[in-house]
Amino acid sequence: MAIEISRLRRQFDGFIALDDVSLTIGDGEFVAVLGPSGSGKTSLLRILAGLDQPDAGSVLRDGQDLLALDARRRGVGLVFQHYALFPHMTVAQNVAFGLRVRPWRLRPKTSAIKASVENLLRKVELEGFAHRYPAQLSGGQRQRVALARALAIEPRLLLLDEPFGALDAQVRVNLRGWLREFHRSFGITSLFVTHDQDEALEMADRVVLMNRGRIEQIGTPEQIYRQPATPFASRFIARGQSLPGEVKGQQLHLFGHVWRIENFAGNDAHEVTVHVRPEDIVLTSLPGDGLKAKLLNLRHVAGTVRASLLVESMDEPIEAEWSERDWARHHGPADDVIGVHFQALSVFASDREGRVLARATLHPPHASFPVAVGPWRRVEA
Amino acid sequence: MARHVLPGFRLSTGYTLVVLGSCVLLPLAALLWTACELGPAGWWAQIGTRRVLAALKLSFGAALLAATIDALLGLLVAWVLVRYRFAFRRVCDALVDLPFALPTAVAGISLTALYAPNGWIGSRLAPLGIQVAYTRLGVLLAMVFVGLPFVVRTLQPVLESMESDLEEAAYTLGASSVQRFFRVVLPLLLPTLLTGYALALARAIGEYGSVIFIAGNRLFRTEIAPYLIVQKIDSQYDYRGAAALGAVMLGASLLLLVAMAWLNRWTRRWAVVR
């Protein structure tokens, strides 16, 4: 049941919520739409659910025009951010709602409705709660009722709007794994919207990264982390931080060092962005080696050490992250100036409109390692 | 007693009880006391007459019917005012309050002037065989008029704060617009609607000024109970008789309002966490 979304555009007075959005969702796939608030992800969800109409573009399901169907007939299950359970109905009545409102020709028998409600409640692990009202449930339980209610109509597409947005952190993390398993056992094509990177990367088969109504990148969690397509993707997913680098010819100039970048067509670019991830700022093993960094503060967070650093001539601090073990091994006497080097740098060349013309990942060789460029440090274009 | 965050619990409670007692309970107690002076036989002699029974029947019957009409009409008005944006919406919104603000006598006189057989609307209804002024229909009309704002004003804030999520959820689950209204919106509005209904009912039962002008106060036909009470005092100085009738109205109103409150609780049983 592939879903083809092509060139969707939606504009609210003066504000472009969706700008030329195209996306294909495969059968049974679990896709996350990730983006900051206002990036258009909820607009996309509402259009797919039939609660909103795009200004232009099309949505096809197996070649059939989905936009021509109204929300009632779309067979799309939607789980709302704040659950939107009917407060005056019990859990069982909530779940049965979608079956009870069918025209009488299509409505299952009362006994069949009862059986499928019981079945669904068992699947979401809420068997004993059938006769409670939503007000008597915890947030996580309500979330699961909302899921069961959406699944009762046997939707061909399941949409989840910030499924864990209103839950506290502990419950959220527990439900992630549960929902992942749940999807696997049901195999229903699902799309969920979230602003939480961890959530998207941990759960989804594929992540659609959105920003300002546009799709920045589509890829597996690994691809997006390893090869961010745009500076935004790098910043949002991999916590990439800007460095004051310049590209001249085939060379990157950074803090007085010059490194070669090959096959980088960024000469006529409007802007060149150099990003480094916190985990790619590593401590030098030899004192006095690498770039000088002034330690502004240090936080020990359960096995990792996070630090704010002023590197060389920069006046904006950047964040670095090391394991507790590396930190214990490498840091010198209680000195607040340490040596660091960059293990990987992402370089983007973009034009005036912010479109990326070229990108490269650079692994600068450094003195701490006996071999400057070995077979394991590949230079990618 | 548990300590409260704000001080002055005793003072404010005492003050409330004094005000409530002197303004509400004391007059009611005096009313019952005066009525009791009659004794059971004297009481029945006052109440059991054909004239009084007819008036009570009209008062409560018309009030119940008027409150029902108000509930339906008020729901419609509140719905339109909250859900739609149209020219002069704010003016219409302000107009809803007019029956609150208008002296009831003015309302009664204007309704009479409109619906009298020679009035602007009355003269057009007369050929159809419909007479409003000086009939029970007129009583009903006046009661509907004064009760409407209660329903609209209680419903409005609830309708405004109602999440569109619920209707959208019902929509994606396959409910038609009729089903969405009757299965989702109406059950959620019902407690509030009942509150509005009870307020409109209470007002209609107690309404005097606007009704007596349009009712015409014809014996056995369009006399309402409050009119009889005034008559007893005005023409016969029969304070005990008036009190007896008043006590009956008080008792019946109390019963109705308690029933409404109970019904209200029942319709929102889902909100009570057990």
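On a predicted model such as this, the values are computed, not experimentally measured, just so you know.

**Focus: the confidence of the model for chain B**
All names here are of chain B.
Stage number 1. On average, residues of chain B carry a pLDDT of 87, and 97% of them reach 70 or more.
Stage number 2. Element-level mean pLDDT values for chain B span from 82 in helix α2 (residues 39–47) up to 92 in helix α3 (residues 50–83).
Stage number 3. Interface confidence for the predicted complex, expressed as ipTM, amounts to 0.81; the pTM equals 0.80.

**Some thoughts on empty space enclosed by the protein**
All names here are of chain A.
Stage number 1. One pass over the full model with this rule turns up three cavities of 30 Å³ or more.
Stage number 2. Quantified by volume, the largest cavity comes out at close to 60 Å³.
Stage number 3. Gln143, Arg144, Leu147, Leu160, Pro163, Phe164, Leu175, Trp178 and Leu179 are the residues that line the largest cavity.
Stage number 4. Only α4 (139–152) and α5 (169–186) provide two or more residues apiece to the lining of the largest cavity.
Stage number 5. Looking at the lining of the largest cavity, its residues break down into seven nonpolar, one polar and one charged.

**Details of the UniProt feature "domain: ABC transmembrane type-1" (unreviewed entry) in chain B**
Stage number 1. Under the UniProt annotation, "domain: ABC transmembrane type-1" (unreviewed entry) lies at residues 56–260 of chain B.
Stage number 2. Along residues 56–260 of chain B the backbone is 79% helical and 0% strand, and the end-to-end C-alpha distance reaches 20 Å.

**Topic: the pairing of strand β9 (residues 206–211) of chain A**
Residue and element names in this part refer to chain A.
Stage number 1. With five of its six residues buried, β9 lies for the most part within the structure.
Stage number 2. Examined bridge by bridge, strand β3 (residues 30–34) and β9 share four bridges and lie parallel to one another. Across the sheet, the residue bridging to Ala32 is Val207, located in β9.
Stage number 3. Examined bridge by bridge, β9 and strand β10 (residues 214–219) share five bridges and lie antiparallel to one another. Its bridge partner lying in β10, Val207 is registered against Gly219.
Stage number 4. Connecting β9 to the next strand, β10, in antiparallel fashion are two residues, including Arg212 with a positive phi near 50 degrees.

**What to know about the UniProt feature "domain: ABC transporter" (unreviewed entry) in chain A**
Stage number 1. Residues annotated in UniProt with the feature "domain: ABC transporter" (unreviewed entry) correspond here to residues 3–237 of chain A.
Stage number 2. Structurally, residues 3–237 of chain A is divided into 36% helix and 26% strand, and its ends, taken at the C-alpha atoms, are 25 Å apart.

**Re the packing of aromatic side chains**
Stage number 1. Counting across every chain of the model gives 11 aromatic pairs over all chains.
Stage number 2. With a centroid separation of 5.6 Å and 85 degrees between ring planes, the pair formed by Trp79 of chain B and Phe181 of chain B is classed as edge-to-face. Placement of Trp79 of chain B in helix α3 and of Phe181 of chain B in helix α10 (residues 177–206) is noted, with a sequence separation of 102 residues between them.
Stage number 3. The exposure class assigned to Trp79 of chain B is buried, which follows from its relative accessible area of 17%.
Stage number 4. With a centroid separation of 5.1 Å and an interplanar angle of 90 degrees, the aromatic rings of Phe181 of chain B and Phe182 of chain B are classed as edge-to-face.
Stage number 5. Three or more aromatic residues joined by ring pairs form one cluster here, namely Trp178, Phe182 and Phe186 of chain A.
Stage number 6. Over the ring of Phe220 of chain B we find Arg50 of chain B, and its NZ or CZ is 4.0 Å from the ring centre.

**Some thoughts on the nonpolar core**
Stage number 1. Counting residues in hydrophobic clusters, the biggest one holds 102 residues, and the most contacted among them are Ile5, Phe86, Phe97, Leu159 and Leu191 of chain A together with Leu56 of chain B.
Stage number 2. With 15 residues, α3 of chain B is the largest single contributor of residues to this core.
Stage number 3. Apart from residues lying up to four places away in sequence, Leu56 of chain B is in contact with Ile47, Gly61, Ala225, Leu245, Val248 and Met249 of chain B.
Stage number 4. In this structure, Val79, Leu160, Ile224 and Phe236 of chain A belong to the second largest nonpolar core, which totals 47 residues.

**Side note on the sheet that holds strand β12 (residues 246–248) of chain A**
All names here are of chain A.
Stage number 1. The strand order β12-β13-β14 describes an open sheet built from three strands, whose pairing is antiparallel. The two strands at the open ends of the sheet, each matched to only one other strand, are β12 and β14 (257–260). The sheet shows a mean angle of 30 degrees between the axes of neighbouring strands, taken without regard to direction.
Stage number 2. Bridge count between strand β13 (residues 251–254) and β14: four bridges; the pairing is antiparallel. Following the sheet pairing, Leu254 is matched in β14 by His257.

**A few points about unusual backbone geometry**
Stage number 1. Phi at Glu125 of chain A is positive, roughly 60 degrees, even though this residue is not glycine.
Stage number 2. Tracing the backbone shows Glu125 of chain A in the loop between α3 (110–123) and α4.
Stage number 3. Positioned with a positive phi, Tyr237 of chain B is a non-glycine residue whose angle comes to about 50 degrees.
Stage number 4. Tracing the backbone through its elements, the reader meets Tyr237 of chain B in the loop between α12 (225–236) and α13 (239–267).

**Observations concerning the domain arrangement of chain A**
Stage number 1. Taken domain by domain, chain A comprises domain 1 (3–226) and domain 2 (240–378).
Stage number 2. The centre of domain 1 of chain A, based on its C-alpha atoms, is set 40 Å off from the matching centre of domain 2 of chain A.

**Here's the deal with the UniProt feature "transmembrane region" (unreviewed entry) in chain B**
Stage number 1. Feature annotation in UniProt places "transmembrane region" (unreviewed entry) on residues 12–35, 55–82, 94–116, 128–152, 181–202 and 242–263 of chain B, given in this structure's numbering.
Stage number 2. Split by type, residues 128–152 of chain B is 68% helix and 0% strand. Its first and last C-alpha atoms lie 31 Å apart.

**Overview of the interface of chain B and chain A**
As a measure of interface size, the accessible area lost when the parts come together is often cited.
Stage number 1. Opposite the 21 residues of chain B that make contact, chain A presents 28 residues.
Stage number 2. Buried surface at the junction of chain B and chain A, both sides included, amounts to about 2300 Å², of which 64% is carbon and sulfur.
Stage number 3. A per-residue breakdown of the area chain B buries against chain A is headed by Thr172, Leu173 and Trp270 of chain B, which together make up 31% of the total.
Stage number 4. Residues Arg46 of chain A and Glu168 of chain B are paired through a salt bridge, measuring 2.8 Å at the closest nitrogen-oxygen approach.
Stage number 5. Our enumeration of links across chain B and chain A arrives at four residue pairs in polar contact (both at pLDDT 80 or more).
Stage number 6. Those elements that place two or more of their residues in the side of chain B that touches chain A are α9 (164–172) and α10 of chain B.
Stage number 7. For the side of chain B that touches chain A, the element with the most residues is α9 of chain B, which contributes seven residues.

**Observations concerning the environment of Leu73 of chain B**
Residues and elements named next belong to chain B.
Stage number 1. In this fold, Leu73 is placed in helix α3.
Stage number 2. Put simply, Leu73 and Leu148 are 75 residues apart on the chain and 7.5 Å apart in space, counted from C-alpha to C-alpha.
Stage number 3. In this view, Leu73 contacts Val144 and Leu148; residues no more than four positions away in its chain are not counted.

**A closer look at the environment of Ile25 of chain A**
Stage number 1. One can find Ile25 of chain A in strand β2 (residues 15–25).
Stage number 2. For the pair Ile25 of chain A and Thr189 of chain A, spaced 164 residues apart in sequence, the C-alpha separation works out to 7.9 Å.

**Some remarks on a positive patch on the surface**
Residues and elements named next belong to chain B.
Stage number 1. Together, Lys57, Arg136, Arg218 and Arg221 make up a positively charged patch on the protein surface.
Stage number 2. On the secondary structure map, Arg218 appears in the loop between α11 (209–215) and α12.
Stage number 3. For Arg218, a relative accessible area of 38% gives the class partly exposed.

Calculation rules
Residues numbered from 1 in each chain as written. Chains lettered and ligands numbered in written order. Predicted model: local features only at pLDDT ≥ 70, side-chain atom pairs only at ≥ 80, totals over all residues. Heavy atoms only, no water. pLDDT = per-residue confidence, 0-100. Helix = DSSP H or I, 4+ residues; strand = E, 2+ residues; numbered from the N terminus. 1 Å grid on protein atoms, 1.4 Å probe; cavity = no way out; pocket = protein on both sides within 12 Å on 5 of 7 lines; lining within 4 Å. Points joined across faces, edges and corners; volume = space filled by probe spheres on them. Nonpolar A, V, L, I, M, F, W, Y, C, P; charged D, E, K, R; others polar. UniProt positions renumbered as here; feature names shortened; annotations may be inferred. Buried < 20%, exposed > 50% of the residue type's maximum accessible area, 1.4 Å probe, protein only. Pairing = 2+ DSSP bridges. Phe/Tyr/Trp six-rings, centres within 6.5 Å; stacked < 30°, edge-to-face > 60°. Lys NZ or Arg CZ within 6 Å of the ring centre and 35° of its normal. Core = buried A, V, L, I, M, F, W, Y, C linked by side-chain atoms within 4.5 Å. Contact = heavy atoms within 4.5 Å. Axes fitted to C-alpha atoms, helices over the stretch in contact; angles between N-to-C directions. Domains from an automatic or database assignment. Buried area = accessible area lost by both parts, 1.4 Å probe. Salt bridge = Lys/Arg side-chain N within 4 Å of Asp/Glu carboxyl O. Polar contact = N/O pair within 3.5 Å; in protein donor to acceptor, adjacent residues only side chain to side chain. Patch = residues over 30% accessible without salt bridge, like charges linked within 9 Å, V, L, I, M, F, W, Y side chains within 5 Å. Areas by Shrake-Rupley, 256 points an atom, 1.4 Å probe, with all protein chains shown as cover. Lys, Arg positive; Asp, Glu negative; His and termini not counted. Charge placed at Lys NZ, Arg CZ, Asp CG, Glu CD.

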